[in-house]
Amino acid sequence: MEKTQVLIIGAGPSATVAAGVLNKKGVSVKIIEKESFPRFVIGESLLPRCMDNLEKAGLIDEVKKQGFQTKNGAKFIDNNNVCDFNFSDQYTDGWSWTWQVKRADFDYCLAKAIEDRGVEIEYNTMVTDVEFFEDGKSITTVSDKNGNSKQISADHIIDASGYGRVLPRLLNLNKPSDFPVRTSLFAHFKDDLRHEESEGDRITIIVHTQEIWIWIIPFSDHTTSVGIVGSPEDIDCYDGSANEKLQQWIDKIPELKKRFGSMPTLFDARQITGYSAAVSQLYGKGFTLTGNATEFLDPVFSSGVTFATESGALAAELVAKNLNGENVDWEKEYADYINKGVDVFRTFVTGWYDGTLQKIFFTEKENELMKKQICSVLAGYVWDSSNPFVKKHKRALKALSNAI
Ligand code: FAD
């Protein structure tokens with residue numbers, strides 16, 4: 001039987017950041033990945049906080065070499081009203097920029113960098129079962145594309161399987177999300193009509209109605225990701241294939257029609273429905289859940305990869321400490337910390353769909369300090385308790401909305 005100290009399920013950014021941190025600490029790691037890379041996954045607009053985690057894992061220099069599109073902010077548009085956040089104009093002392101990436105390239109670059117450091121990634125291999133023992137050690141059964149199975153023994157498992165949610169499924173830890181089922185229809189378009197200066201270096205979110213919004217995420221190769229999000233009833237109001245539905249949405253919205261109406265897509269449009277998910281616990285004896293294998297709220301503030309890397313890095317630090325014989329208070333040091341950040345975004349996502357944030361973003365009575373504080377939340381700095389929109393997120397948003 002193969003043996004490793006830490007077995008990581010999945011090779012997305014949560015996994016590779018965790019592997020990077022463990023590898024730096026001299027812990028032996030093995031990654032099992034179901035697909036072959038590069039593979040498509042959605043989640044293309046990063047947040048500045050992500051950069052701290054890539055740095056912690058020793059991966060940022062490799063990403064810098066790829067020439068990804070830099071992202072300096074986020075722009076929200078509602079008819080003629082525009083609210084533009086520049087990450088250089090924020091309250092928390094942190095990164096003022098990040099990247100917009102095609103995830104196939106980004107995740108592949110991270111995975112190759114980890115392999116170059118000696119971590120083995122077994123592609124085309126799927127985790128099918130895990131048996132845990134009383135001391136937390138485990139035996140994982142994996143199966144390759146040809147149906148050959150084998151077993152791997154590990155001291156600890158980090159489940160970074162994203163939408164696969166391997167341990168939540170096997171251990172019955174899945175919980176329904178607080179949010180209603182929403183759907184998203186998207187594709188990558190050629191983007192020859194982009195205004196580089198105003199549209200190139202940030203994500204643009206267009207408010208169509210309070211419940212329906214569109215993302216525009218430009219990449220450095222003059223292609224752009226466009227997606228529309230809303231309830232399944234709203235988004236599926238058109239007939240036809242995903243491509244035909246997306247085209248009808250593009251034609252309906254003047255800003256989109258002008259820029260993308262006659263542009264080809266790079267692949268057939270895709271649709272994902274019901275992606276919000278939660279879990280009853282983030283860790284257990286011998287395992288830690290990270291990234292999208294935990295809770296995923298909503299795509300509106302692009303927080304997914306930031307939480308994936310934050311939880312991956314922290315889980316790895318704590319696992320290394322544990323393997324070194326030190327005591328870890330997983331509830332306090334891991335679950336409480338991660339949940340604190342998730343709760344800030346939960347308030348913001350709720351406030352987006354109930355109209356509170358849209359009111360705040362598009363007010364004429366802009367308050368400079370509060371805009372900076374909100375900007376830091378949108379940059380992913382959701383653990384800075386000196387920021388009132390972090391420390392008392394619910395109350396701060398409500399008070400500001402009432403004042404407006
Ligand atoms: P993943 O990147 O999903 O990686 C998990 C890996 O595990 C996969 O490669 C998978 O093949 C592998 N795996 C699964 N099952 C198994 C198994 N049984 N055995 C072995 N391997 C397995 N986030 C952002 O930050 N910015 C955005 O702009 C953004 N937009 C989004 C838009 C939409 C519509 C949605 C739904 C999500 C969006 N997200 C965004 C969220 C983002 O997709 C995720 O948060 C992010 O990909 C999570 O990374 P991860 O490393 O946890 O998992």
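Quick caveat, the model's predicted, so the values are computed rather than measured.

Moving on to the overall build of the protein chain. In terms of regular secondary structure, the protein chain is built from 15 helices and 19 strands. When its C-alpha atoms are laid out on the principal axes, the protein chain stretches across 60 × 45 × 40 Å. Burial analysis of the protein chain (404 residues in total) assigns 58% to the buried set. Taking contacts inside the protein chain between residues at least 6 apart in sequence as the whole, the part at least 24 apart equals 73%. Counting every atom, the protein chain has about 16900 Å² of accessible surface; 46% of that belongs to carbon and sulfur. The distance from the centre of the 46 positive side-chain charges to the centre of the 57 negative ones in the protein chain is 3 Å.

Now for helix 11 (residues 330-353). In a regular helix each residue adds 1.5 Å, so 24 residues correspond to 34 Å; helix 11 covers 33 Å between its end C-alpha atoms and thus fits that length. Of all bends in helix 11, the biggest is about 30 degrees, found at Asp336. Just downstream of helix 11, Gly355 is the residue with a positive phi angle, here 95 degrees.

Below, the discussion takes up the pairing of strand 9 (residues 138-144). When you tally the buried positions in strand 9, you get six out of seven residues, the bulk of the element. Across seven bridges, the pairing between strand 8 (residues 125-132) and strand 9 is antiparallel. Across the sheet, residue Val130 finds its bridge partner in strand 9, namely Thr140. Linking two consecutive strands that pair antiparallel, namely strand 8 and strand 9, is a turn of five residues; a positive phi of about 95 degrees is found at Gly136 within it. In this structure, strand 9 lies alongside strand 10 (residues 149-159), joined through six bridges in antiparallel fashion.

Attention now goes to the domain arrangement of the protein chain. When its domains are assigned, the protein chain resolves into domain 1 (2-71 + 98-176 + 276-341), domain 2 (183-273) and domain 3 (347-403). On a C-alpha basis, the centres of domain 1 and domain 3 stand 30 Å from each other. Every contact between the two is made by 13 residues of domain 1 and, on the other side, 12 residues of domain 3. For the domain 1 and domain 3 pair, buried surface summed over both sides reaches about 1100 Å², with 74% attributable to carbon and sulfur atoms. Contact with domain 3 buries surface across domain 1, with Arg49, Asp298 and Phe301 losing the most and accounting together for 43% of the total. Inspection of the region where domain 1 meets domain 3 yields four residue pairs in polar contact (both at pLDDT 80 or more). Contributing elements (two or more residues each) for the side of domain 1 that touches domain 3: helix 2 (49-56), helix 10 (304-323) and helix 11. Considering each element in turn, the side of domain 1 that touches domain 3 owes the most residues, four residues, to helix 11. Of the residues belonging to the side of domain 1 that touches domain 3, the class tally is seven nonpolar, one polar and five charged.

This brings us to the packing of helix 1 (residues 13-24) against helix 2. Helix 2 packs onto helix 1 with a crossing angle of 35 degrees between their chain directions and a minimal axis gap of 8 Å. Contacts between helix 1 and helix 2 pair Val17, Val21 and Lys24 from the former with Asn53, Leu54, Glu55 and Lys56 from the latter. Here the residues of the contact of helix 1 with helix 2 sort into three nonpolar, one polar and three charged.

Bringing the packing of aromatic side chains into the picture now. Each aromatic ring pair is specified by the distance between its two centres and by the angle formed by the two planes. Counted according to the given criterion, the structure contains 25 aromatic pairs. An angle of 90 degrees between the planes, with centres 6.0 Å apart, marks the rings of Phe76 and Phe85 as edge-to-face. Phe76 gets classed as buried once you look at its relative accessible area, which sits at 2%. Accessibility expressed as a relative area gives 2% for Phe85, which makes it buried. Ring pairs connect the aromatic residues Phe76, Phe85, Phe301, Phe348, Trp352 and Phe361, which therefore count as one cluster.

This part takes up the pattern of salt bridges. Applying the stated criterion to the full structure yields 27 salt bridges. In this structure, the salt-bridge partner of Glu295 is Arg346, at a minimum N-O distance of 2.7 Å. Remark: Arg346 occurs in helix 11 and Glu295 occurs in the loop between strand 19 (287-289) and helix 10; sequence separation between them is 51 residues. Given a relative accessible area of 18%, Arg346 falls into the buried group.

Basis of the calculations
Residues numbered from 1 in each chain as written. Predicted model: local features only at pLDDT ≥ 70, side-chain atom pairs only at ≥ 80, totals over all residues. Heavy atoms only, no water. Helix = DSSP H or I, 4+ residues; strand = E, 2+ residues; numbered from the N terminus. Buried < 20%, exposed > 50% of the residue type's maximum accessible area, 1.4 Å probe, protein only. Contact = heavy atoms within 4.5 Å. Areas by Shrake-Rupley, 256 points an atom, 1.4 Å probe, with all protein chains shown as cover. Lys, Arg positive; Asp, Glu negative; His and termini not counted. Charge placed at Lys NZ, Arg CZ, Asp CG, Glu CD. Expected span 1.5 Å × (residues − 1). Bend = angle between axes of the 7 residues up to and from the residue. Pairing = 2+ DSSP bridges. Domains from an automatic or database assignment. Buried area = accessible area lost by both parts, 1.4 Å probe. Polar contact = N/O pair within 3.5 Å; in protein donor to acceptor, adjacent residues only side chain to side chain. Nonpolar A, V, L, I, M, F, W, Y, C, P; charged D, E, K, R; others polar. Axes fitted to C-alpha atoms, helices over the stretch in contact; angles between N-to-C directions. Phe/Tyr/Trp six-rings, centres within 6.5 Å; stacked < 30°, edge-to-face > 60°. Salt bridge = Lys/Arg side-chain N within 4 Å of Asp/Glu carboxyl O.

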